[in-house]
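What follows is the residue order along each chain.
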Amino acid sequence: LNSAACFLHLNRYRKCIEQCDEALEIDCNNKKALFRRARAHRFMDKFDLAEKDLMKIIETRREKVSMEVENEIELIGSRRQDYET
């Protein structure tokens, strides 16, 4: 997952997604992998895929959703709105 974070910061979103996919094969509820993949999808304007990953985080962590996840959901909404206009 560290390499996924590096690829995300380097704007290499496809590589980030590949690394997250590998981590999710081992643990399908890995919050960091889901979150980083969601961010990569958002940067690639794949809003539905990003939301799907974030919703999985919410489903598995019902008791407490981090502010980071909530902010990402808001960013997706505003980016989607900008993208559609």
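Quick note: structure is the one above.
First things first, this report covers the structure right here in the doc. Since we're looking at a predicted model, the values are computed, not measured.

## Here we look at the overall build of the chain
Item 1. Looking only at helices and strands, the chain has five helices and zero strands in total.
Item 2. The secondary structure elements of the chain, listed N-terminal to C-terminal, are α-α-α-α-α.
Item 3. In terms of C-alpha radius of gyration, the chain reaches 12 Å, essentially the compact-globule figure of 12 Å for 85 residues.
Item 4. Projected onto the principal axes, the alpha-carbon positions of the chain cover approximately 40 × 35 × 20 Å.

## Section: unusual backbone geometry
Item 1. Even without being a glycine, Asn 11 presents a positive backbone phi close to 65 degrees.
Item 2. Tracing the chain through its elements places Asn 11 in the loop between α1 (2–9) and α2 (13–26).
Item 3. A residue is classified by how much of its surface remains accessible, and Asn 11, at 52% relative accessible area, is exposed.

## Things to note about the pattern of salt bridges
Item 1. Considering all chains together, one arrives at eight salt bridges under this definition.
Item 2. The partner of Glu 72 in a salt bridge is Arg 39, and the shortest N-O contact between them spans 3.6 Å. One end of the pair, Glu 72, is in helix α5 (residues 67–84); the other, Arg 39, is in helix α3 (residues 31–43), and 33 residues separate them in sequence.
Item 3. Taking relative accessible area as the criterion, Glu 72 reaches 3% and is therefore assigned buried.
Item 4. When its relative accessible area of 24% is taken as the criterion, Arg 39 is described as partly exposed.
Item 5. The closest approach of N and O atoms between Glu 72 and Arg 42, which form a salt bridge, is 2.4 Å. Remark: Arg 42 occurs in helix α3 and Glu 72 occurs in helix α5; sequence separation between them is 30 residues. Here Glu 72 matches Arg 42 in class, with each residue buried.
Item 6. By sharing partners, the salt bridges in this structure join Asp 21, Arg 37 and Asp 53 into a single network.

## Considering α5
Item 1. Its 18 residues place the ends of α5 26 Å apart at the C-alpha level, agreeing with the 26 Å of an ideal helix rising 1.5 Å per residue.
Item 2. The set of residues buried in α5 consists of Val 69, Glu 72, Ile 76 and Arg 80. Projected onto a plane normal to the axis of α5, the buried residues spread over an arc of 75 degrees and lie on a single side. Across from the buried face of α5, at angles greater than 90 degrees, the exposed residues are Met 67, Glu 74, Gln 81 and Asp 82.
Item 3. Buried residues belonging to α5 abut α3 and α4 (47–60).

Conventions we followed
- Residues numbered from 1 in each chain as written.
- Predicted model: local features only at pLDDT ≥ 70, side-chain atom pairs only at ≥ 80, totals over all residues.
- Heavy atoms only, no water.
- Helix = DSSP H or I, 4+ residues; strand = E, 2+ residues; numbered from the N terminus.
- Rg over C-alpha atoms; globule rule 2.2 N^0.38 Å.
- Buried < 20%, exposed > 50% of the residue type's maximum accessible area, 1.4 Å probe, protein only.
- Salt bridge = Lys/Arg side-chain N within 4 Å of Asp/Glu carboxyl O.
- Expected span 1.5 Å × (residues − 1).
- Arc of directions from axis to C-beta.
- Contact = heavy atoms within 4.5 Å.

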